[in-house]
Amino acid sequence: DNLNKVIEQAAIEIPSGNSQENLDNIMAKANELKKVLETIDEEPEDIQNVLTDEQKADREKARNKANELLKQLLDKCADLQKELDALKEWNKKKQDLDDQVNQLSDAVKSLEDEFSTPQPLSAAKDGVRRGEALEPAIKEAEKQLKKNRDWLQQQLPNNPEVQADLDNINDQLNKLNQARQ
């Protein structure tokens, strides 16, 4: 029976990996399953009357199984779409953090370059003032990082790539803090 073949194919486990690819794959399976169910619903009554009671029962069982599987596939699509939306939002937040860290890094590098050679007292005092002025900006970046870490724990738990991004940004901020002092 065509319905049982489609159910078997749709029930195959989706490998982890690219969320967009998985979403497209699951959506294609769900659409194929919908089409088969619609085709069965549109069958003329005389075709259904030819079936034995056992065949009708088997078909109804398969139909119920297909409807349950369709619901599971659509739920999985919704979950994957939510994950994709969260990843998109994370990429924006990460870019903002990266920009903030890069600006701070440039400011620290500028101070390091400036003080690589002896400076007059007035320039040294100005450099110290600018170095101290970086502390609140670094603290703000650390605060944003923590806020994003908390958000990610809710939205994308168990995502190693995102965790690596957070760790990298945290390491950069720690290095900036050490270089500033």
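Remember, it's a predicted structure, so these values are computed and weren't measured experimentally. (Residues numbered from 1 in each chain as written. Predicted model: local features only at pLDDT ≥ 70, side-chain atom pairs only at ≥ 80, totals over all residues. Heavy atoms only, no water.)

## Side note on the nonpolar core
For step 1, the next point in the chain: Membership of the largest hydrophobic core comes to 19 residues, with the highest contact counts inside it found for Trp90, Leu104, Leu152, Leu173 and Leu176.
For step 2, the next point in the chain: Sorting the residues of this core by element identifies α4 (53–114), α5 (121–155) and α6 (160–180) as the ones contributing at least two each.
For step 3, the next point in the chain: With residues up to four places along the chain from it excluded, the contact list for Trp90 reads Leu97, Asn148, Trp151, Leu152, Leu156, Val162, Asp165 and Leu166.
For step 4, the next point in the chain: By size, the runner-up hydrophobic cluster in this structure holds 12 residues, among which are Ala30, Leu37, Leu73 and Leu84. (Core = buried A, V, L, I, M, F, W, Y, C linked by side-chain atoms within 4.5 Å. Buried < 20%, exposed > 50% of the residue type's maximum accessible area, 1.4 Å probe, protein only. Helix = DSSP H or I, 4+ residues; strand = E, 2+ residues; numbered from the N terminus. Contact = heavy atoms within 4.5 Å.)

## Some thoughts on the confidence of the model for the protein
For step 1, the next point in the chain: Mean pLDDT over the protein stands at 86; residues scoring 70 or higher make up 90%.
For step 2, the next point in the chain: When mean pLDDT is compared element by element in the protein, α5 scores highest at 91, while helix α1 (residues 2–11) scores lowest at 64. (pLDDT = per-residue confidence, 0-100.)

## Details of unusual backbone geometry
For step 1, the next point in the chain: Unlike most non-glycine residues, Asn158 shows phi in positive territory, near 65°.
For step 2, the next point in the chain: Its location among the elements puts Asn158 in the loop between α5 and α6.

## Points about the side chain of Asn159
For step 1, the next point in the chain: Here Asn159 lies in the loop between α5 and α6.
For step 2, the next point in the chain: The class for Asn159 is buried, based on a relative accessible area of 17%.

## A word on the packing of aromatic side chains
For step 1, the next point in the chain: Using the criterion set out here, one finds 0 aromatic pairs in the structure.
For step 2, the next point in the chain: Positioned above the aromatic ring of Trp151, the side-chain terminus of Lys93 is 4.6 Å from the ring centre. (Phe/Tyr/Trp six-rings, centres within 6.5 Å; stacked < 30°, edge-to-face > 60°. Lys NZ or Arg CZ within 6 Å of the ring centre and 35° of its normal.)

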